[in-house]
Amino acid sequence: MAETSHWTGSEKYLCDPALAQAFHMARTLGMPLLIEGEPGTGKTELPIHYAKDRGLDLEVYPVGSKSNVEQFVARFDHVKYLRDSQIEILNAQREEKGLDSKLTTGDRNPDSLNHYVVKGPAAKAYSKPNSVLLIDEIDKAPREFPNDLLYALSHRKFIMPESGEVIEVSEEDMPAIVITSNREQELPTAFKGRCIYHYIGFPDVDTMNKIIEKHHPGLDEKVVRVALDVFYHLRRLGLERAPTTREILNWLKYMSDIAPADAVKKIAGLEGIGALIKTQADMERISRMIGVDESFGSNLN
């Protein structure tokens, strides 16, 4: 039986009640949880922290522009199969010549096709019901990829290539599947219909404060307050790429080794702003704003 307790987060992950309910519902119903939201809102971190907190095996499939079901589920190693078949022929010839030594295939047998099936993250997760499977940034995949997953999601099984081996799990034993999307492209309606859906909005100041406390407990309150002021001020500017949760956590991690009074000055002076700003255009815009208004950072402390 898969793990279906109501998980509300861990020491390092703040899981809001609505997300916790959606995740619990998905696992209870044996359905994937599809999480959408802008980058840096903790979509990817949820299954990682859940697996770590519960001591479960985690399989990860980072989706790219060339992703396909073969990579995701399993592939047949034709090269290894052909080589082992040739070794079997050579060993038979050597035996005919009275030679005792044999070439090895590493305990593989060409008559057993399942020896040559290389399982991907999906097949591995389906083979271990009480596990976690992360399909990360599915919106980067070719259009046919999510459509090709419909059968497996609906029937809860995969058929291994060449060998015909069937890997199947029941609704109760379905691995915890989390699928993330940054909404770079709209996903097929039929695919979304097979999932429990949740949208993660960007954290407000109070929530971000709690997230920071989980990652950097004991950090000086004024350092955090000034950093949050700068962070949300930058997000309100309509930048090409607004800073995300991950980036303020990195900025504060760097500042945590500095004396609080000095850290406040550095933050107010936008020192280390490269932790938050990620494009040349945004960096130039901030530089121009500082040049026009020298109090841009100082008026935030």
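What counts and what doesn't
For every chain, the first residue of the written sequence is number 1, and numbering continues from 1 along that sequence. Only residues with pLDDT of at least 70 get local features here, since the model is predicted, and only at 80 or more are side-chain atom pairs given and counted; chain-wide, interface and lining totals rely on the full set of residues. Water and hydrogen atoms were dropped before computing side-chain values, which therefore reflect all heavy atoms in the structure. Between the N-to-C directions of two axes lies an angle of 0 to 180 degrees, each axis being a line fitted to C-alpha atoms and, for a helix, fitted only over the stretch in contact. Numbering of helices and strands runs from the N terminus, with a helix taken as a DSSP run of H or I at least four residues long and a strand as a DSSP run of E at least two residues long. Throughout, the term roughly parallel applies to angles under 35 degrees, roughly antiparallel to angles over 145, roughly perpendicular to angles from 65 to 115, and oblique to all others. Less than a right angle of anticlockwise turn of the near helix away from the far helix marks a crossing as left-handed, whereas a clockwise turn marks it as right-handed. Residues are treated as being in contact if the distance between any of their heavy atoms lies within 4.5 Å. Any residue outside Ala, Val, Leu, Ile, Met, Phe, Trp, Tyr, Cys, Pro, Asp, Glu, Lys and Arg is labelled polar, Gly included; the first ten of those are nonpolar and the last four are charged. Here, the term disulfide refers to a pair of cysteine sulfur atoms separated by no more than 2.5 Å. Exposed residues in this analysis have more than 50% of their type's maximum accessible area, buried residues have under 20%, and partly exposed residues fall in between, with area computed by a 1.4 Å probe over protein chains only. Criterion used throughout: strands pair if DSSP finds at least two bridges between them.

On to the packing of helix H9 (residues 205–215) against helix H10 (residues 221–235), then. Between H9 and H10, whose axes approach to 11 Å, the crossing angle comes to 130°. By the criterion of interaxial angle, the relationship of H9 to H10 is oblique. As H9 runs across H10, the sense of the crossing is right-handed. Contacts between H9 and H10 involve Val205, Met208, Asn209 and Ile212 from the former and Val224, Leu228, Phe231 and Tyr232 from the latter. Looking at the contact of H9 with H10 residue by residue, the classes come out as seven nonpolar, one polar and no charged.

Turning our eyes to something else, we now look at the packing of H10 against helix H12 (residues 260–268). Relative to each other, H10 and H12 sit at 5°, their axes nearing to 9 Å. One way to sum up the angle between H10 and H12 is to call them roughly parallel. In this structure, H10 uses Lys222, Val223, Val226, Ala227 and Val230 to contact H12, whose residues at the interface are Pro260, Ala263, Val264, Ile267 and Ala268. Grouping the amino acids of the contact of H10 with H12 by side-chain chemistry returns nine nonpolar, no polar and one charged.

What the rule picks out here adds up to zero disulfides. The thiol of Cys15 is not disulfide-bonded; the next cysteine sulfur, from Cys195, is found 17 Å away.

On to the pairing of strand S8 (residues 176–181), then. The element S8 is largely enclosed, with a buried count of six among its six residues. Side chains of S8 alternate between two faces, with Ala176, Val178 and Thr180 and Ile177, Ile179 and Ser181 buried alike. Relative to S8, strand S1 (residues 33–36) is paired through four bridges, and the arrangement is parallel. Each residue of the ladder has a partner; that of Glu36, found in S8, is Ser181. As paired elements, strand S5 (residues 131–136) and S8 share four bridges and run parallel to each other. Note that in S8 the partner of Ile135 across the bridge is Ile179.

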